[in-house]
Amino acid sequence: METDRARRRLTRLLGGLGVASGIALVARPQQLVDRLAPTFPADQLWLVRTLGGRLLVQHGVVLVAPGRRLVRVSSAVDLLHAASMVPLLASPYYGRAARISGGLAAAYAAAALVVAPRSEGR
C-alpha cells in the first residue's frame, strides 16, 4: 500500500497548491490581475475573489481528506469551471484570464485524477 500513501501525498501537494492559489486570489486579486490579465475589468475583481474562495474551500477539503471519491468530485468541479471559461476565450477583456483560469483548472483536474489514491482510506 506504499503506492497509495505516495498518491495521497501527491494529492495533498496538489491540494496545497490549490489552497495557495486561492489565498493569492483572495488576498491580492488586483496585483495578480495586473500581472497576468491586465485587460480584466477592475470592477469585476469580486469574481477573482470568489474564485479564490472556491479554491480555498475545494482544495482545502482535498488537502484534509484526499480520498478517491472526493478527488473525483473536486476534479469535476474544476472541469466545470474550465468549461465555463470557453465562451470567454475570445473576449478582449476576459480572454486572457479565461485561458489562464480555465487552463489551470483543467490541468489540476487531470493531474488530480492521475495521482488520486486508489482507495478511500486515510
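Here the structure is shown first, and the text comes after it.
The following paragraphs examine the structure supplied in this document. This structure is a prediction, so every number in the text was calculated from the model and none was measured. (Residues numbered from 1 in each chain as written. Predicted model: local features only at pLDDT ≥ 70, side-chain atom pairs only at ≥ 80, totals over all residues. Heavy atoms only, no water.)

### Structural notes on the packing of helix α4 (residues 68–85) against helix α5 (residues 95–115)
Link 1 in the chain: At a minimum axis distance of 8 Å, the contact between α4 and α5 shows a crossing angle of 155 degrees. In terms of orientation, α4 lies roughly antiparallel with respect to α5. The hand of the α4/α5 crossing is left-handed. Contact residues: α4 offers Arg68, Val71, Arg72, Ser74, Ser75, Asp78, Leu79, His81, Ala82 and Met85, while α5 offers Ala98, Ser101, Gly102, Ala105, Ala106, Tyr108, Ala109, Ala112 and Leu113.
Link 2 in the chain: Within the contact of α4 with α5, the residues separate by chemical class into 11 nonpolar, 5 polar and 3 charged. (Axes fitted to C-alpha atoms, helices over the stretch in contact; angles between N-to-C directions. Helix = DSSP H or I, 4+ residues; strand = E, 2+ residues; numbered from the N terminus. Parallel < 35°, antiparallel > 145°, perpendicular 65-115°, else oblique. Left-handed = near helix turned anticlockwise from the far one by under 90°. Contact = heavy atoms within 4.5 Å. Nonpolar A, V, L, I, M, F, W, Y, C, P; charged D, E, K, R; others polar.)

### Brief notes about the packing of aromatic side chains
Link 1 in the chain: Evaluated as defined, the whole model comprises 1 aromatic pair.
Link 2 in the chain: Seen from their ring centres, Phe40 and Tyr94 are 5.4 Å apart, and the 90 degrees between their planes marks the pair as edge-to-face. Taken together, the residues span a long stretch of sequence, with Phe40 in the loop between α2 (29–36) and α3 (45–64) and Tyr94 in the loop between α4 and α5 at a distance of 54 residues. (Phe/Tyr/Trp six-rings, centres within 6.5 Å; stacked < 30°, edge-to-face > 60°.)

### Remarks on a nonpolar patch on the surface
Link 1 in the chain: A surface patch of nonpolar side chains, amounting to about 290 Å² of accessible area, comprises Leu10, Leu13 and Leu17.
Link 2 in the chain: Of note, Leu10 is situated in helix α1 (residues 2–27).
Link 3 in the chain: Classification of Leu10 by relative accessible area gives partly exposed; the value is 42%. (Patch = residues over 30% accessible without salt bridge, like charges linked within 9 Å, V, L, I, M, F, W, Y side chains within 5 Å. Areas by Shrake-Rupley, 256 points an atom, 1.4 Å probe, with all protein chains shown as cover. Salt bridge = Lys/Arg side-chain N within 4 Å of Asp/Glu carboxyl O. Buried < 20%, exposed > 50% of the residue type's maximum accessible area, 1.4 Å probe, protein only.)

### Let's talk about α4
Link 1 in the chain: Taking 1.5 Å per residue as the helical rise, α4 with its 18 residues ought to reach 26 Å, and the 26 Å between its terminal C-alpha atoms agrees with that figure.
Link 2 in the chain: Those residues of α4 that fall on the buried side of the exposure criterion are Arg68, Val71, Ser74, Ser75, Asp78, His81, Ala82 and Met85. Angularly, the buried residues of α4 cover 140 degrees about the axis, an arc narrow enough to put them on a single face. Seen from the buried face of α4, the exposed residues on the opposite side, beyond 90 degrees, are Arg69 and Leu80.
Link 3 in the chain: The elements touched by buried residues of α4 are α1, α3 and α5. (Expected span 1.5 Å × (residues − 1). Arc of directions from axis to C-beta.)

### Description of the nonpolar core
Link 1 in the chain: Core analysis: the largest hydrophobic core is formed by 9 residues, namely Leu25, Val33, Ala37, Phe40, Leu45, Val48, Leu51, Leu55 and Ala97.
Link 2 in the chain: Broken down by element, the residue count for this core peaks at 4 residues, all from α3.
Link 3 in the chain: Sequence-distant contacts of Ala37, defined by excluding residues within four places in its chain, comprise Leu32, Arg96 and Ala97.
Link 4 in the chain: In this structure, Leu14, Val71, Tyr108 and Ala112 belong to the second largest nonpolar core, which totals 7 residues. (Core = buried A, V, L, I, M, F, W, Y, C linked by side-chain atoms within 4.5 Å.)

### Regarding the side chain of Ser101
Link 1 in the chain: Structurally, Ser101 can be placed in helix α5.
Link 2 in the chain: Judged by its relative accessible area of 16%, Ser101 falls in the buried class.
Link 3 in the chain: If we ignore the near neighbours within four places in the chain, the residues touching Ser101 are Leu51, His81 and Met85.

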